[in-house]
Amino acid sequence: MSQPFAPTAEHGEDLFEVTLRPRNFDRFVGQRRVVDNLQLALRAARARGDCLDHLLLSGLPGLGKTTLAGIVARAMGSQLHETSGPALARPGDLVGIISNLEEGDFLFIDEIHRLPRAVEEMLYTAMEDFVVDVVLDQGPAARSLRLSMKPFTLVGATTREGLLSAPFRARFGLQEKLELYDPPELAEVVTRSAKALHVELESDAAHFLAERSRGTPRVANRFLRRVRDLAQEAYDNRIDGAVAAEGLGRLGIDCHGLCALDRRILETLLQHGGGPVGLKTLAVAAGEEARTIEEVYEPYLIRTGLLRRTSQGRCASPRSYEIMGQEAPPPQREPGLLF
Ligand SMILES: Nc1ncnc2c1ncn2[C@@H]1O[C@H](COP(=O)(O)OP(=O)(O)O)[C@@H](O)[C@H]1O
Ligand SMILES: [Mg+2]
């Protein structure tokens, strides 16, 4: 079964995402603090005639990092060059890209925590002094050549800020973390998307989708897309609450906004007496990669109080028993409180 919260886009979804991606701050919903900070930095840089400081955007998948990178570059009137950590396997790959940058251009590196060490270190001097040291030849004949480049802005995006080394992180003058969105913000996202897709979305349907989109615009838009298919086929291109509910039911999303995989995670915890259960065990039981569980499924379960992370592993909460229709065991007394 396809996973409704899969972190990566599914077939045909890339184009859909590009179409719905806001192109300026006015259309970017929520994240007020981040947007204010970025707009201030942009105004100041423009007034000085400088490049924008290097920017690190962190946050869970689908919260708008790539979108913001595009908005910021456009606001500076600059060209954006996109690449990713895994695509820059060798220092030579980076040299190829940065030697093509014009003054004031933006270089966007997605999944920047996955850059190989050698490439990361090469970026240090590029970010600080706009030079890179290229090592030519190997062994005794090796020599190093210093290339200078035009001033540019590096925008890094990461879902795992904690994996960036301290010296690397310190070189980003601007660091912003995107948070999960509230349901009213997500309702606004899907309402705007519905307009762009020329489908009628009633306000109760927008809220229904928003409540179940686990704080993530990409998920909200994905739900809208699926529900739109249903509306187009069977309901005259009109989405009301009932159509939204039917659509999400078909995706296996329950009334708590949980999908089959979430329920499998909770079930595994309950089968182990409520935990603690190690991440690897959970991953095997759920049939999903540990990283995806950690980055995509867990944050929402934690946020809604269904799962706790402890030093020994993952634990269920009384509410997860309730949702799974099981009786919670009586609370255990803390050892220290016995006497
Ligand atoms: N603040 C926002 N307002 C409106 N739509 C958004 C917002 N953030 C994200 N989106 C939508 O969600 C999709 C995923 O965002 P994206 O920037 O690709 O996330 P990330 O790069 O963090 O994984 C975008 O295509 C866009 O349609
Ligand atoms: Mg992205």
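For the structure itself, look to the data block above.
Residues numbered from 1 in each chain as written. Chains lettered and ligands numbered in written order. Predicted model: local features only at pLDDT ≥ 70, side-chain atom pairs only at ≥ 80, totals over all residues. Heavy atoms only, no water.

> Describe the environment of H207, naming the residues involved and giving the relevant values.
Relative to the helices and strands, H207 is located in helix α8 (residues 203-211). Classification of H207 by relative accessible area gives partly exposed; the value is 39%. For H207 and E185, which are 22 residues apart along the polypeptide, the C-alpha to C-alpha distance reads 9.6 Å. (Helix = DSSP H or I, 4+ residues; strand = E, 2+ residues; numbered from the N terminus. Buried < 20%, exposed > 50% of the residue type's maximum accessible area, 1.4 Å probe, protein only.)

> Outline the side chain of S320, listing residues and values.
Within the secondary structure layout, S320 lies in helix α14 (residues 318-323). With sequence-adjacent residues up to four places away left out, S320 is seen in contact with L266, L270 and L306. (Contact = heavy atoms within 4.5 Å.)

> With reference to specific residues and values, describe the pattern of salt bridges.
Tallied over the entire structure, the rule returns 22 salt bridges. Measuring nitrogen to oxygen at the nearest pair gives 2.8 Å for the salt bridge that ties R114 to E111. Taking the relative accessible area as the measure of exposure, R114 reaches 40% and is therefore partly exposed. For E111, a relative accessible area of 26% corresponds to the partly exposed category. For the salt bridge of E246 with R250, the shortest nitrogen-to-oxygen distance reads 3.4 Å. (Salt bridge = Lys/Arg side-chain N within 4 Å of Asp/Glu carboxyl O.)

> Before we move on, can you summarise the side chain of E176 with the specific residues and values?
Note that E176 resides in strand β7 (residues 174-177). The exposure class of E176 is buried, given its relative accessible area of 7%. Setting aside residues no more than four positions away along its own chain, E176 makes contact with R33, V34, N37, L38, L55, L56, L57 and S58.

> Requested: an account of the packing of aromatic side chains, with residues and values cited.
Applying the stated criterion across every chain, the model contains 3 aromatic pairs. Plain terms: the ring middles of F130 and F152 are 5.7 Å apart, the flat faces sit at 70° to each other, and that makes the pair edge-to-face. Of the two residues, F130 sits in the loop between α5 (117-129) and β4 (131-136) while F152 sits in the loop between β5 (143-148) and β6 (153-158), which places them 22 residues apart along the sequence. On the basis of relative accessible area, F152 is assigned to the buried category, the value being 1%. Just above the ring of Y124 sits the side chain of R171; from NZ or CZ to the centre is 4.2 Å. The positively charged end of R212 is found above the aromatic ring belonging to F208, 3.7 Å away from the centroid. (Phe/Tyr/Trp six-rings, centres within 6.5 Å; stacked < 30°, edge-to-face > 60°. Lys NZ or Arg CZ within 6 Å of the ring centre and 35° of its normal.)

> Outline the packing of helix α2 (residues 32-48) against helix α3 (residues 65-75), listing residues and values.
Geometry of a packed helix pair, given as the angle between the helix axes and the separation of the axes. Closest axis-to-axis distance for the α2/α3 pair is 11 Å, and the angle between their directions is 25°. Comparing their axes, α3 and α2 come out roughly parallel. Considering the relative orientation of α2 and α3, their crossing is right-handed. For the pair formed by α2 and α3, the contact residues are V34, L38, L42 and R46 on the first element and L68, V72 and A75 on the second. (Axes fitted to C-alpha atoms, helices over the stretch in contact; angles between N-to-C directions. Parallel < 35°, antiparallel > 145°, perpendicular 65-115°, else oblique. Left-handed = near helix turned anticlockwise from the far one by under 90°.)

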